[in-house]
Amino acid sequence: MIADNLKNVNLSISNSCKKSGRQVSGVKLICVTKEAGLAQIEEVIGLGYKNIGENRVQDAVIKHRSIGDRAIWHLVGHLQTNKVRDAIKIFALIHSVDNARLALKISEEAGKIGKKQDILIQVNVSGEGSKFGIEPGQVLPFFKEVSLYPNINILGLMTIGPEADDPEIIRPYFRKLRELRDNINAVRSTQYAVRELSMGMTNDFEVAVEEGATMVRIGRAVFKDDK
Ligand SMILES: *Cc1c(COP(=O)(O)O)cnc(C)c1O
């Protein structure tokens, strides 16, 4: 079942890449396992999908005890400062950094264990009050401030699309995130570019890929009908 689901998801990603003239190698599939058990995680890893997304640090700590570094762990959910110490031990990439205090804490704790933590800045592109993330207008100043912290690497931006049945309603928000990333790269003068765009979930990953997603975070479409 999971193998078929993955095949279908990959087919959709590949179609979206064709439509938009992109390479499939530029899109990383992150299997979001917040509702999946260990056996299911083992199965996707066995099929070659090592990027695993969790949205709660506590859950990831438990799963990490069994799976360890056979997976590449992504924190896609909100992070509280009191969970940072546990988070940086496990996660290769934290997608949800949305305030300077949190970023500073990550940098401090990463420094203590000799790590440089990769992060994404979460942006609330849709402006929905229920969503975490910094406002689009604050992305550039936030980036400038946080990029000074010594033990974090900002790899890109992340967003969660607005609720909508029609993906065409969601598309402009993904486009906006891409523009925000391109703005950062246009004004900054360091050597490396901010590349990643983490956007697209089960309901909207096709348009996200068409708009330039480099990481899609997919749960239900991978694990459906498997229980
Ligand atoms: C749950 C979750 C996903 C995956 O959502 P699906 O609709 O199951 O694909 C992606 N991103 C975040 C932040 C999530 O919490």
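Structure: above.
Small disclaimer: the values here were computed from a predicted structure and weren't measured.

K.L.:
Sorry, what's going on with the overall build of the protein here?
P.N.:
Across its full length, the protein carries nine helices and eight strands. The C-alpha radius of gyration of the protein comes to 17 Å, within 12% of the 17 Å expected for a compact globule of 227 residues. Here the C-alpha coordinates of the protein stretch approximately 45 × 40 × 35 Å along the principal axes. Scored against the burial criterion, the 227 residues of the protein give a buried share of 49%. Total accessible area on the protein is roughly 10900 Å²; 49% of this is exposed by carbon and sulfur atoms.

K.L.:
Explanation requested: helix α5 (residues 100-112) in the structure shown.
P.N.:
Working note: α-helix, 3.6 residues per turn, so residues spaced by three or four point in the same direction. With 13 residues, α5 extends 18 Å from end C-alpha to end C-alpha; this agrees with the ideal 18 Å at 1.5 Å per step. Turning to α5, the residues buried within the fold contact α4 (84-90), β4 (93-97), β5 (117-122), α6 (139-146) and β6 (152-158). Taking the backbone nitrogen of Arg-101 as reference, a side-chain oxygen 3.2 Å away marks Asn-99 as the first, capping residue of α5.

K.L.:
What should I look at first to understand the packing of helix α1 (residues 2-20) against helix α2 (residues 38-46) in this one?
P.N.:
Pairs of packed helices are described in terms of their axes, by the angle between the two and the distance that separates them. Following both chains from N to C, one finds α1 and α2 inclined at 55°, their axes separated by 10 Å at the closest point. It follows from the interaxial angle that α1 and α2 lie oblique. By crossing handedness, the relation of α1 to α2 is classed as right-handed. Where α1 approaches α2, its residues Ile-2, Ala-3 and Leu-6 are matched on the opposing element by Gln-40, Glu-43 and Val-44. Of the residues belonging to the contact of α1 with α2, the class tally is four nonpolar, one polar and one charged.

K.L.:
Could you clarify how one ought to interpret the pattern of salt bridges in this entry?
P.N.:
Pairing is possible between side chains that carry opposite charge, provided their charged atoms lie close to one another. One pass over the structure, following the stated rule, counts 16 salt bridges. Put simply, Arg-171 and Glu-210 hold a salt bridge, and the shortest N to O gap is 2.9 Å. Of this pair, Arg-171 sits in helix α7 (residues 167-187) while Glu-210 sits in helix α8 (residues 205-210), and the two are 39 residues apart along the sequence. The exposure class assigned to Arg-171 is buried, which follows from its relative accessible area of 14%. What emerges from the salt-bridge pattern is a single network uniting Lys-19, Glu-168, Arg-171, Arg-175, Arg-178, Glu-210 and Glu-211.

K.L.:
Quick question: what am I supposed to make of the environment of Ile-184 here?
P.N.:
Looking at the element boundaries, Ile-184 is found in helix α7. Through-space distance from the C-alpha of Ile-184 to that of Val-139 is 8.3 Å; in sequence the pair is 45 residues apart. What Ile-184 contacts, discounting residues up to four positions off in sequence, is Val-139, Leu-140, Phe-143, Leu-157 and Val-194.

K.L.:
For this particular structure, what's the right way to read the site of the ligand?
P.N.:
Neighbouring the ligand are the residues Val-32, Lys-34, Asn-55, Val-76, Ile-160, Met-201, Thr-202, Arg-217, Ile-218, Gly-219 and Arg-220. Between the ligand and the protein, one listed contact pairs an oxygen atom with a side-chain N or O atom of Thr-202 at 2.5 Å. At 2.8 Å, a backbone N or O of Gly-219 approaches an oxygen atom of the ligand. Considered on its own, the ligand offers 390 Å² of accessible surface; in the complex 90% of this is hidden by protein. Residues of the shell around the ligand, tallied by class, amount to five nonpolar, three polar and three charged.

K.L.:
Please explain the environment of Gln-80 as it appears in this structure.
P.N.:
Residue placement: Gln-80 occurs in the loop between β3 (72-75) and α4. For the pair Gln-80 and Leu-102, spaced 22 residues apart in the sequence, the C-alpha separation amounts to 7.4 Å.

K.L.:
It is not clear to me how the pairing of strand β8 (residues 215-218) should be interpreted in this structure. Could you clarify?
P.N.:
Look at any regular strand and the pattern is simple: side chains alternate between the two faces of the sheet. By the alternation rule, side chains of β8 split into Met-215 and Arg-217 and Val-216 and Ile-218, which are all buried. Note that strand β1 (residues 28-32) and β8 share four bridges and pair parallel. Looking at β8, one finds that Leu-29 is bridged to Val-216.

Scoring rules and cut-offs
Residues numbered from 1 in each chain as written. Predicted model: local features only at pLDDT ≥ 70, side-chain atom pairs only at ≥ 80, totals over all residues. Heavy atoms only, no water. Helix = DSSP H or I, 4+ residues; strand = E, 2+ residues; numbered from the N terminus. Rg over C-alpha atoms; globule rule 2.2 N^0.38 Å. Buried < 20%, exposed > 50% of the residue type's maximum accessible area, 1.4 Å probe, protein only. Areas by Shrake-Rupley, 256 points an atom, 1.4 Å probe, with all protein chains shown as cover. Expected span 1.5 Å × (residues − 1). Contact = heavy atoms within 4.5 Å. Polar contact = N/O pair within 3.5 Å; in protein donor to acceptor, adjacent residues only side chain to side chain. Axes fitted to C-alpha atoms, helices over the stretch in contact; angles between N-to-C directions. Parallel < 35°, antiparallel > 145°, perpendicular 65-115°, else oblique. Left-handed = near helix turned anticlockwise from the far one by under 90°. Nonpolar A, V, L, I, M, F, W, Y, C, P; charged D, E, K, R; others polar. Salt bridge = Lys/Arg side-chain N within 4 Å of Asp/Glu carboxyl O. Near = heavy atom within 4 Å. Pairing = 2+ DSSP bridges.

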